[in-house]
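Descriptive analysis of the structure
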Amino acid sequence: MYEFVTSSKIIFGRGAFERLAEEVRDIGKKALIVTGKRFLKESGLKDRLEEILALNKIEWTYFDGIPSDPEVGLVDEGRLLARENGCDFVIGIGGGSSIDVAKAIAVLFDKPLKTIDYINGAKIGKKGIPCIAIPTTSGTGSEVTKNSVLTDPERRAKRSLRENVVLPDLAIVDPVLTLTLPPNLTVWTGLDALVQAIEAYVSKGSNPLTDPIALQASVLILKNITKAVEDGSNLDAREAMSIGSLMAGIALANARLGAVHGLAHPLGINYNIHHGLICGILLPAVIRFNMPIVEAKYASIYRAIEPSSQQLSDRECALRLLETVENLLDFLKIPRRLKEFGVKEEDLESIAIQSQSSESLRANPRVATPEDLVAIMKSIL
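Report follows, based on the coordinates. (Residues numbered from 1 in each chain as written. Predicted model: local features only at pLDDT ≥ 70, side-chain atom pairs only at ≥ 80, totals over all residues. Heavy atoms only, no water.)

**Comments concerning the pattern of salt bridges**
The criterion, for reference: Salt bridge, as applied in this entry: a Lys or Arg side-chain nitrogen positioned within 4 Å of an Asp or Glu carboxyl oxygen. Going along the chain from the N terminus, every DSSP run of H or I of four or more residues is numbered as a helix, and every run of E of two or more is numbered as a strand. Relative accessibility thresholds used throughout: buried, under 20% of the residue-type maximum; exposed, over 50%; partly exposed, between the two (1.4 Å probe, protein chains only).
The tally for this structure, following the rule as stated, stands at 26 salt bridges. As a salt-bridge pair, Asp-169 and Lys-127 come within 3.0 Å of each other at their nearest N and O atoms. Of this pair, Asp-169 sits in the loop between β7 (157–162) and β8 (170–173) while Lys-127 is found in the loop between α6 (115–119) and β5 (131–135), placing the two residues 42 residues apart along the sequence. Measuring nitrogen to oxygen at the nearest pair gives 2.5 Å for the salt bridge that ties Arg-288 to Glu-326. Of this pair, Arg-288 sits in helix α11 (residues 275–305) while Glu-326 sits in helix α12 (residues 314–331), and the two are 38 residues apart along the sequence. Residue Glu-326 is classed as buried on the basis of its relative accessible area, which comes to 18%. Bridged by salt links that share partners, the residues Lys-9, Arg-19, Glu-22 and Glu-23 form one connected network.

**Section: the side chain of Ser-358**
Stated formally: Think of a polar contact as two N or O atoms within 3.5 Å of one another; within protein, one of them needs to be a possible hydrogen donor and the other a possible acceptor, and neighboring residues in sequence only count if both atoms come from side chains.
Positionally, Ser-358 belongs in the loop between α13 (348–354) and α14 (359–362). Using a relative accessible area of 13% as the deciding quantity, one classes Ser-358 as buried. Looking at Ser-358, its side chain comes within polar contact range of the main-chain nitrogen of Ser-360, at 3.1 Å.

**Brief notes about the pairing of strand β2 (residues 30–34)**
Test applied: Two strands qualify as a pair provided DSSP detects at least 2 bridges between them.
The element β2 is largely enclosed, with a buried count of five among its five residues. The alternating pattern of β2 places Lys-30, Leu-32 and Val-34 and Ala-31 and Ile-33 on opposite faces, both of which are buried. One ladder, built from five bridges, connects β2 with strand β3 (residues 59–63); its direction is parallel. Bridge pairing links Ile-33 to Tyr-62 in β3.

**Things to note about a nonpolar patch on the surface**
To keep it simple, the criterion reads: Think of a patch as exposed residues, more than 30% relative accessible area, with no salt bridge, where like charges cluster within 9 Å and nonpolar side chains (Val, Leu, Ile, Met, Phe, Trp, Tyr) cluster within 5 Å. Computed with the Shrake-Rupley method and a 1.4 Å probe, the accessible areas treat only the protein chains shown as cover for residues.
A surface patch of nonpolar side chains, about 310 Å² in accessible area, is lined by Tyr-2, Phe-4 and Leu-209. Structurally, the position occupied by Leu-209 is in the loop between α7 (183–202) and α8 (211–230). With a relative accessible area of 45%, Leu-209 lands in the partly exposed category.

**Considering the nonpolar core**
Threshold: Put simply, buried Ala, Val, Leu, Ile, Met, Phe, Trp, Tyr and Cys residues joined by side-chain atoms within 4.5 Å make one nonpolar core. Between two residues, a contact is recorded if the distance between any of their heavy atoms is within 4.5 Å.
In terms of nonpolar packing, the biggest core is built from 80 residues, with Leu-267, Tyr-298 and Leu-338 touching the most fellow members. A per-element tally of this core places α11 first, with 17 residues. Leaving out residues up to four positions away in the same chain, Leu-338 has contacts with Leu-267, Ile-278, Ile-281, Val-343, Met-377, Ile-380 and Leu-381.

**Brief notes about the sheet that holds β2**
To keep it simple, the criterion reads: To obtain an axis, a line is fitted to C-alpha atoms, over the contacting stretch when the element is a helix, and the angle between two such axes runs from 0 to 180 degrees between their N-to-C directions.
In spatial order, the strands read β1-β8-β5-β4-β2-β3; together these six strands make up an open sheet with parallel pairing. Looking at strand neighbours, the two that pair on one side only are β1 (9–12) and β3, the edges of this open sheet. Across the sheet, the axes of successive neighbouring strands diverge by a mean angle of 20 degrees, strand direction being ignored. Its contacts with the sheet place helix α5 (residues 96–108) against β2, β3, β4 (89–94) and β5, and it is angled at close to 170 degrees to β4. Each of β1 and β8 touches helix α9 (residues 235–255); the most contacted strand, β1, lies at about 165 degrees to it.

**Thoughts on α7**
Operational definition: Under the convention used throughout, the expected extent of a helix is 1.5 Å for every residue step, that is, one less than its residue count.
Here α7 is 20 residues long and its end C-alpha atoms lie 29 Å apart, about the 28 Å a rise of 1.5 Å per residue gives. The element α7 is largely enclosed, with a buried count of 16 among its 20 residues.

**With respect to helix α10 (residues 259–271)**
The terminal C-alpha atoms of α10 lie 18 Å apart, and with 13 residues this matches the ideal 18 Å at 1.5 Å per residue to within 8%. Burial runs high along α10: 12 of the 13 residues are buried. Taken residue by residue, α10 has Ala-259, Val-260, His-261, Gly-262, Leu-263, Ala-264, His-265, Pro-266, Leu-267, Gly-268, Ile-269 and Tyr-271 as its buried positions.

**Overview of the packing of aromatic side chains**
Applied cut-off: A pair of Phe, Tyr and Trp rings is counted when the ring centres sit within 6.5 Å of each other, with Trp represented by its six-membered ring. The angle between the planes then sorts it: under 30 degrees is stacked, over 60 is edge-to-face, the rest tilted. Ring-over charges, as used throughout, are those where CZ of Arg or NZ of Lys falls within 6 Å of the ring centre and within 35 degrees of the ring normal.
Within this structure, the stated rule accounts for zero aromatic pairs. When the ring centre of Tyr-201 is taken as reference, the NZ or CZ atom of Lys-297 above it lies at 4.7 Å.

**Concerning the packing of α7 against α11**
Helix packing for two helices is described by the angle between their axes and how far apart those axes are. Stated precisely, the cut-off is as follows: Small angles under 35 degrees read as roughly parallel and large ones over 145 as roughly antiparallel, with 65 to 115 read as roughly perpendicular and the rest as oblique. Rotating anticlockwise by less than a right angle from the far helix to the near helix defines a left-handed crossing, while the corresponding clockwise rotation defines a right-handed one. Residue polarity follows a fixed list, in which Ala, Val, Leu, Ile, Met, Phe, Trp, Tyr, Cys and Pro are nonpolar, Asp, Glu, Lys and Arg are charged, and the others, Gly among them, are polar.
Look at α7 against α11: their axes get within 9 Å of each other, and the N-to-C directions meet at 25 degrees. With respect to α11, the element α7 is oriented roughly parallel. Seen from above, α7 lies across α11 with left-handed handedness. Across the interface between the two elements, Trp-188, Leu-191, Asp-192, Leu-194, Val-195, Ile-198, Tyr-201 and Val-202 from α7 touch His-275, Gly-276, Leu-277, Cys-279, Gly-280, Leu-283, Val-294, Lys-297, Tyr-298, Ser-300 and Ile-301 from α11. When grouped by side-chain class, the residues that make up the contact of α7 with α11 number 13 nonpolar, four polar and two charged.

Listed below in C-alpha cells is the structure:
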C-alpha cells in the first residue's frame, strides 16, 4: 500500500514567478513574507513582489533574516508577528530554511501550543492559513514536502514538524530565480538535491509511484550540476536543476531518505557544516555500505545517465555510478575527509547515537547499527 501526496498546485517554468499575480487574487488580503537575509533585496525581486501584491490591493509584513538551520523558536516569533499584523496567508520565498519556517508558521498560525509541542507529537488538526512557497535555490525541495525541518537548541538536534497539512498550498518554481545563486550555494544545494533523489530511489519506502520521479531527478542533476556551477547564467542547466530538485522533493516526501541524511543532521549541527555539503561528503561511503542490498538500483541510475552501459552487469554499473559521484565531488572541489571540519574519531560514536532517532535512517535500504555508522564515518575521517 502506498500513499502519495504533494503540494495542492505546482507551477513550474521560466517566468512562473509572474503567475503569482494571478494566484494571490483570491487567497487573502495581507501576506506575511518569510525570507532570508539578502537575496530578495540584492536580486531586485523585492520590488517586483511588492508591485504584484500592491496591484492586487494586498498588504504585507516582512519576517526576514531567516538563517540556515532556523531554530524552533523562530516559528513562534513568526506566528505571533502574523497574528499581530492581521496576516491571512504566508509567502515563503528563498531557500529551504525560509520555506520551512513559512510552512510551519502557516500551519500553526492559530494553534494554542508552542511549535515544539507539535514537533513532540501534539496533533495539528486543520491548517491555519494558506502558504505559497517560492524557492530560489535548487536544493531542498521544501516547496513540495510535508515536513518543516527546524533546530531544537535544547537537544542540539534537527527535528521535523511532519504532517500532510504542512504541505504548501501552492508551489511556484521558476528557474530564472536561481540565476544569481553563487557557485558555492549552487554546489551545496545541488548536492542536497542529488542525495535526496538517490536516497529516495533506493529507500525502503521507494515504490512504483516514486521510482520514476526519483530516477529522473537523479539523471537531471547528475547531468547538469557542473554546467550550472561553471556558468550560472546557463538557463537550460538552471531549469534542469530546478525540475530535478522539485522532483527529488516530491520523491522524498513519499519515499523518505536514508543514512546520508540520518548522519548529515547531527554532523551538520555539531560542526557547522552546510547541509548540502555534508550530504555530498557522506554519499560515496553510504553508497558503498548499501551496495549489497540495492546494487541493481544504483546500476539503473548509471544506465540512465550512460545508455551505452546497457550490456554491463549490475555490479559494474553500480561501481561506475560510485566512480561518477566521486569524480563529481572532486570536480566540485568538495573536501572528502570529515577531519577537515574538526570531526575526531572519538566523536563518531556520539554522532552515531544522535542519528538513531532519524526517520531518514530508518528508511535506509540496509539496516545500519551505530557500529555500522561509526564504520561509515571512519572510512571518510
